[in-house]
Amino acid sequence: MDIDAIDSALSPRTGGPAMDVEEFRRLGYKSIDMIASYLGTVHEWPVFRPMTPSERGLLTGQQLTSTGIAPETLIDTFADNMLPFAMGNGNRRFFGWVNSPPAPIGILAELLAAGQDPACDVGDLAALHLETSVVRWLAELVGFPTDTMGILVSGGSVATLTCLTVARQWVAEADGWDVRVDGLSGARAPLTVYMSTEAHSSVRKSIELLGLGSSAIRLVPVDEQRKLDPAALRDMVKVDRSNGARPFLVVGSAGTVNTGAVDPFDAIADVCDEHGLWLHVDGAYGAVGRVHPEFGRVYQGLERANSLSLDPHKWLSVPIECGCALVRDRELMRRTFSLVPPYLRTEEGLGVGGPPSYAEYGIQQTRGFRALKLWMTLQYMGRDGVRDLIVHSVELARYLASVVERADDLELMAGVELSIVCFRYVPGGPRPSDEALDALNREIEHLLQSDGRTFLTSTVLDGRFVLRACVLHYGSTERDVDALINVVREIGERTWSSRH
Ligand SMILES: *Cc1c(COP(=O)(O)O)cnc(C)c1O
């Protein structure tokens, strides 16, 4: 069969993926029109909308057809049955977890990247050369050396897992055993890890996945600003050493998920230097806050870390998924992951040969073209745009905190370091017990989330339930913050008075 005969044999809709180019164009315009309308009106939609059992069932009960479905129908089904049930992060009245809206240019980048669809592992590919630049930019933004090795991954959790795997390789090499051959059975002494009580759960998950077990974790107390206490860290390391353990890793936070606290990296790095420990920083949420013109001192010492995890799909508004693992010791990172079978071997400058395979620096082999959306989003904003985005979020969070502080029926529950504000509603009249306030605020959270006008989440600080708002939307304004406060109060008053 010649090539045209093969082509015509495949093009009828017999079940293959082929699509006529003009049909693709038409469907593409339709899809872009839909998303453009969505972006233009999303602020008028409910921020979050709970699904009815039948709306849910329509999705969970989907059956794979034998003959395929017309593409229009697929796109319409997305528009009708999925698009209205978003998480809400596109809406500027969304203040939940640590989730930004997607930058519009990043949405387009996703389309373009999927159109090209490189595997981003090995080869002389544009996608890989671009990745070296965007990773370097991230290193620059957070003050890391620009020759740091970095790799784009799915998110902060995998970035941390990647970095901590390198840390494990480092301690094994330092102590003369081979973790890649012997696993942890080669370890000379029980390995111990230090992080604050405020560290993100993904750090613990990494420690568990690395086979160290969560019993290897020492939780270091925090000060009243919820920053890791370096003196306590030093003492804990000393005690563990004298008991025959091998302390090897400290994980600091550049912006905790609870309150946005930034650990004192200089003091922590001093302890690491004294005792020969690897310093990793979880910067998934807050490391890019370092570009804030006032925050130089807060982040001082971050650049002394051995590795850093970042999450451009958080504050930088790159569409999900986009994380980044930065490791200063490039060769160590390669020794941690490199496993090059003959069928993947290429030689630089020959044939498809390009830069060393990214699979030699991380967990994945085939990787999506994440660099494009990161490149477009950052280059669309420029350095000043990134700074303005950070400054805007921080200012709005400070505004929210000031509104809370001025109100008789609201209490600020933690200091505001970056863009997270923790507070609670406290009704007028005789002061309710803490337990009653916990229950009331929990109910406010649930009612507010399904109300649709705005959105926040919660956490527990010192055993107390608190409402938690994280400002990350580039389009949020003081009016949106006022709306959040008004809805909290309205629901709080209504809920409290219906009971008393
Ligand atoms: C979100 C977050 C993580 C986890 O990142 P994912 O992208 O969700 O995997 C880790 N640490 C902090 C501080 C975070 O905010």
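1. With respect to the pairing of strand 7 (residues 307-310)
Side chains Ser307 and Ser309 of strand 7 all project onto a buried face; the interleaved residues Leu308 and Leu310 project onto the opposite face, where all are buried too. Two elements, strand 6 (residues 278-283) and strand 7, share four bridges in a ladder whose sense is parallel. Bridge pairing links Gly283 to Leu310 in strand 7. The pairing of strand 7 with strand 8 (residues 323-327) spans four bridges and is antiparallel. Bridge pairing links Leu308 to Leu326 in strand 8.

2. What to know about the side chain of Asn441
Summarising the element assignment, Asn441 is placed in helix 14 (residues 434-451). Among all residues touching Asn441, those that are not within four sequence positions of it are Arg424, Tyr425, Phe465 and Leu467.

3. Section: the confidence of the model for the protein
Averaged over every residue, the pLDDT of the protein is 95; residues scoring 70 or more account for 97%. Low pLDDT, under 50, characterises residues 5-12; the predicted model gives this stretch three contacts beyond four residues in sequence or across chains.

4. Some remarks on the packing of helix 6 (residues 126-141) against helix 13 (residues 370-406)
Two numbers describe how helix 6 lies on helix 13: the axes approach to 9 Å, and their chain directions differ by 45°. When the interaxial angle is binned, helix 6 and helix 13 end up oblique. Crossing of helix 6 against helix 13: the hand is left-handed. For the pair helix 6 and helix 13, contact is made by Ala127, Leu130, Glu131, Val134, Trp137, Leu138, Glu140 and Leu141 and by Ala371, Leu372, Leu374, Trp375, Leu378, Gln379 and Arg383, respectively.

5. So, the pattern of salt bridges
Under the counting rule described, the total for this entry stands at 38 salt bridges. A salt bridge links Asp388 to Arg387; the nearest nitrogen and oxygen atoms lie 3.1 Å apart. Take Asp388: its relative accessible area is 42%, and that puts it in the partly exposed class. Taking the shortest distance from any N to any O, the salt bridge between Glu490 and Arg494 comes out at 3.4 Å.

6. As for unusual backbone geometry
Cis geometry marks the peptide bond from Ile320 to Glu321; its omega dihedral reads 10°. For Glu321, the position within the fold is in the loop between strand 7 and strand 8. Positive phi values are uncommon outside glycine, yet Asp117 reaches one of about 55°. Within the element layout of this structure, Asp117 appears in the loop between helix 5 (104-116) and helix 6. Looking at Asp117, the relative accessible area reads 60%, which means it is exposed.

7. Here's the deal with the packing of aromatic side chains
Scanning the model with the defined rule gives eight aromatic pairs in all. Where Tyr38 meets Trp45, the ring centres are 5.0 Å apart and the plane angle is 85°; that geometry is what we call edge-to-face. For the pair Tyr285 and Trp315, a centre-to-centre distance of 5.4 Å together with 25° between the ring planes defines the contact as stacked. One end of the pair, Tyr285, is in the loop between strand 6 and strand 7; the other, Trp315, is in the loop between strand 7 and strand 8, with 30 residues separating them in the sequence. As far as the burial class goes, Tyr285 and Trp315 line up, both buried. The rings of Phe48, Phe94, Trp97 and Phe455 are connected pair by pair, giving a single aromatic cluster. Geometry around Phe144 places Arg328 over its ring, the cationic atom sitting 5.7 Å from the centre.

Cut-offs and rules
- Residues numbered from 1 in each chain as written.
- Predicted model: local features only at pLDDT ≥ 70, side-chain atom pairs only at ≥ 80, totals over all residues.
- Heavy atoms only, no water.
- Buried < 20%, exposed > 50% of the residue type's maximum accessible area, 1.4 Å probe, protein only.
- Helix = DSSP H or I, 4+ residues; strand = E, 2+ residues; numbered from the N terminus.
- Pairing = 2+ DSSP bridges.
- Contact = heavy atoms within 4.5 Å.
- pLDDT = per-residue confidence, 0-100.
- Axes fitted to C-alpha atoms, helices over the stretch in contact; angles between N-to-C directions.
- Parallel < 35°, antiparallel > 145°, perpendicular 65-115°, else oblique.
- Left-handed = near helix turned anticlockwise from the far one by under 90°.
- Salt bridge = Lys/Arg side-chain N within 4 Å of Asp/Glu carboxyl O.
- Phe/Tyr/Trp six-rings, centres within 6.5 Å; stacked < 30°, edge-to-face > 60°.
- Lys NZ or Arg CZ within 6 Å of the ring centre and 35° of its normal.

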